[in-house]
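# Understanding the architecture of this molecule
These are the residues of each chain, in order.
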Amino acid sequence: FRLAAGGAVPRLPPALALALAALAAVNGASYPGLLQIKHMHGWELPPGRVLFDRWNSHSRVVAFEQGLGEPAYWGRGTASRADQLPLVETIGLQIDGSAYTAATRFDGDPRSLGWVGHDVTSLGYRLRGRGDVAVIGVGGGRDVLTALGFGARSVVGVEVNGILTRLLARDLRGFTRLAERPDVTLVHDDGRSWLARTDRRFDLIQMSLIDTFASTAAGAMTLTENGLYTSEAWSLFLDRLRPGGILSVSRYFAPGRVSETARTTSLAVDVLLRRGAAVPAAHVMLLDAANVSTLVVSRDPFSAEDVATVRAADRLEGFSERALPGFVTPDSVLRATLEATSPEELAAATRHAVFDLEAPSDDRPFFFNMVKLSAWRRALAEDLGGAGVLAGNLRATQTLLALLVAVLLLTAATVLGPLAWRGRRHGLRPRTFVAAGSYFSLIGLGFMLVEVGLMQKFSILLGHPIYSLTVTLASLILASGLGSLSADRLAQGGRRRLEHLPALAGLLIVAGVAAAQPAIEASLAAGFGRRSLVAVAFAFPIGFVLGFFFPLGLRNLRQASPVAQSWMWGLNGAFGVLGGMAAILVSMSLGIRACLLAGAACYLLLSFPARALAAQAAHERGPA
């Protein structure tokens, strides 16, 4: 800008840029770098020598040596003693500072993997472990080792994080030896998207503790894992099973307290009811060990032989039975959920004053956000955090609400306050000022509701939020820019045409909401390119029409003072910032559909101030 204005070449900014670039290079070339990293649980202190530290758009992964020691377990049964376990060599993988997975040295002989059966996450393999297996979320390969230890015929491991698949295929290839085996296939993809595309069928699909603590810290945002924990996703998983096949899902559990297990159970019952199961409890087994539970869901009712196999494993390994056909836990929440035989009974069973236990759907895919916004203070005061990510969920909710307050205060201090102080003489009549202010506030709020809603909606289709950010947001912004560029030509079409534009925009958003879910379900099996085109096909026309309104509003104010135009820029920006926060809160509480419909309502309401503003502008211009 200084050069464009004819000024001299500045010296300080380039020097500062070079210095910062040098600091960035030094910081990236060493661990931990110039700045220590802090995450939600405290300062990052890997318990071993750091081997490498890598970043991508999904997460940050730090690998560190752990040496010989007890195998990594998520939920070890009480019957196995630590002094009887073999010593194995592991490399710890720390994801986003808190989540953990282990890469274990493997000699290639499945007979050396007898220790994997002590973990409750291995429950499904005792029933269908010798068939074809799909593992969603490979991590360091722990679940793949379990499949090999139980004699699986073939294993497909699907991992969304490219760092982890590259580690197993390259850096740790000789350590884990998984990528060398002909019976193991590692796939870098979103688990749900891959299963939607494949024509293969499996005897067992396993999904153990698939989340990162980044999910909890983000709180309100749609994440990859959330697309895996919805009714639509689980129905797809069951479709990819052979007759008698099972889905095994492990989550955190706290006996006597509401935990994620209550929500996975609700999700299982909801899917089974949708698929026509008369008695969902006959299709479900639930066991736990330590603070982890494994929920096993079958397409068909479990047989007496299946129940006997699981009970034998309970006695052998020291697992705790929570639900088996013919036996239901005394836990009131789980019992009521499992005994539900209709959607109405399930809704009554999952009704809770503090926690959201309803089965997540693609419209409300926020599985990890279990604390209701209306009850977060009670959950905090009564220490209802529970196990697993619930404590982080509370912190995320606090952070979200604190951020909302901070945004309100900062918007008032930096935008509205200065405008009110310096812009009192804006040159508009009160009625015109109110109409103009309402107009620019509504388009700021409405645009953000639509933008965030579309990104959340197509995150599930595209497989990860970063893809939705890239494809959906880029399409929307480019289209709105082209719409703004076309606004002057549109304005030449006469006042009556302009009066119908807000209704057109609102109806276009409503039509997009109605068509989005069927389009997503029809396109999930397509390749990434086609899925991206579907997102563009929805975002582009909506963005193009929404781009009209800001320049058309300024056109009506061109006879007004610069102070009045500053007011409108400020109000639009302020409500745009608040709209981003409002979109998150509406999506969490009421669903993504409600967020998009709220955006449509903003544009439908725009008709009233737009008409008043256009009439005022015509009056000020006088007769043609």
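Model, not experiment: these values are computed from the prediction. (Residues numbered from 1 in each chain as written. Predicted model: local features only at pLDDT ≥ 70, side-chain atom pairs only at ≥ 80, totals over all residues. Heavy atoms only, no water.)

## Examining the packing of aromatic side chains
As enumerated under the stated definition, the model contains 15 aromatic pairs in all. Considering the side-chain rings of F367 and F368, the 5.1 Å spacing of their centres and the 90° angle between planes classify their relative orientation as edge-to-face. For F368, a relative accessible area of 4% translates into the label buried. Arranged with centres 5.6 Å apart and planes meeting at 50°, the rings of F458 and F538 form a pair that is tilted. (Phe/Tyr/Trp six-rings, centres within 6.5 Å; stacked < 30°, edge-to-face > 60°. Buried < 20%, exposed > 50% of the residue type's maximum accessible area, 1.4 Å probe, protein only.)

## Some thoughts on a nonpolar patch on the surface
Residues L16, L20, L23, V26, L34 and L35 make up a contiguous nonpolar surface patch of roughly 610 Å² in combined accessible area. Examined against the element boundaries, L34 turns out to sit in the loop between helix 1 (12–28) and strand 1 (38–39). (Patch = residues over 30% accessible without salt bridge, like charges linked within 9 Å, V, L, I, M, F, W, Y side chains within 5 Å. Areas by Shrake-Rupley, 256 points an atom, 1.4 Å probe, with all protein chains shown as cover. Salt bridge = Lys/Arg side-chain N within 4 Å of Asp/Glu carboxyl O. Helix = DSSP H or I, 4+ residues; strand = E, 2+ residues; numbered from the N terminus.)

## Some details on the packing of helix 18 (residues 501–523) against helix 22 (residues 592–605)
Where helix 18 meets helix 22, the axes come as close as 7 Å, and the angle between the chain directions of the two elements is 165°. Between helix 18 and helix 22, the crossing angle belongs to the class labelled roughly antiparallel. In this structure, the crossing between helix 18 and helix 22 has a hand that is left-handed. In this structure, helix 18 uses P502, A503, A505, G506, L507, I509, V510 and V513 to contact helix 22, whose residues at the interface are R593, L596, L597, G599, A600, Y603 and L604. Counted by class, the contact of helix 18 with helix 22 contains 12 nonpolar, two polar and one charged residues. (Axes fitted to C-alpha atoms, helices over the stretch in contact; angles between N-to-C directions. Parallel < 35°, antiparallel > 145°, perpendicular 65-115°, else oblique. Left-handed = near helix turned anticlockwise from the far one by under 90°. Contact = heavy atoms within 4.5 Å. Nonpolar A, V, L, I, M, F, W, Y, C, P; charged D, E, K, R; others polar.)

## Some remarks on the side chain of R322
Following the sequence through the fold, R322 ends up in strand 14 (residues 320–324). Residues contacting R322, with those up to four places away along its chain left out, are F253, P255, L286, L287, D288, F327, V328 and T329.

## Concerning the side chain of T261
Note on placement: T261 falls in helix 9 (residues 260–274). By relative accessible area, T261 is classed as buried at 0%. Polar side-chain contacts of T261 include one of 2.9 Å to the backbone oxygen of Y252. Those residues within four positions of T261 in sequence are excluded, and the remaining contacts are R251, Y252, F253, L286, S293 and L334. (Polar contact = N/O pair within 3.5 Å; in protein donor to acceptor, adjacent residues only side chain to side chain.)

## Some words on helix 10 (residues 304–317)
Given a rise of 1.5 Å per residue, 14 residues ought to cover 20 Å, and the 20 Å separating the end C-alpha atoms of helix 10 matches this to within 8%. Listed as buried for helix 10 are D306, V307, V310, A313, D314 and E317. One face of helix 10 carries all of its buried residues, which in axial projection span an arc of 125°. Every exposed residue of helix 10 that faces more than 90 degrees away from the buried side is listed here: A304, E305, R315 and L316. Residues of helix 10 that are buried in the fold lie against helix 2 (125–128), strand 12 (284–289) and strand 14. One or two positions beyond helix 10, positive phi appears at G318, with a value near 85°. (Expected span 1.5 Å × (residues − 1). Arc of directions from axis to C-beta.)

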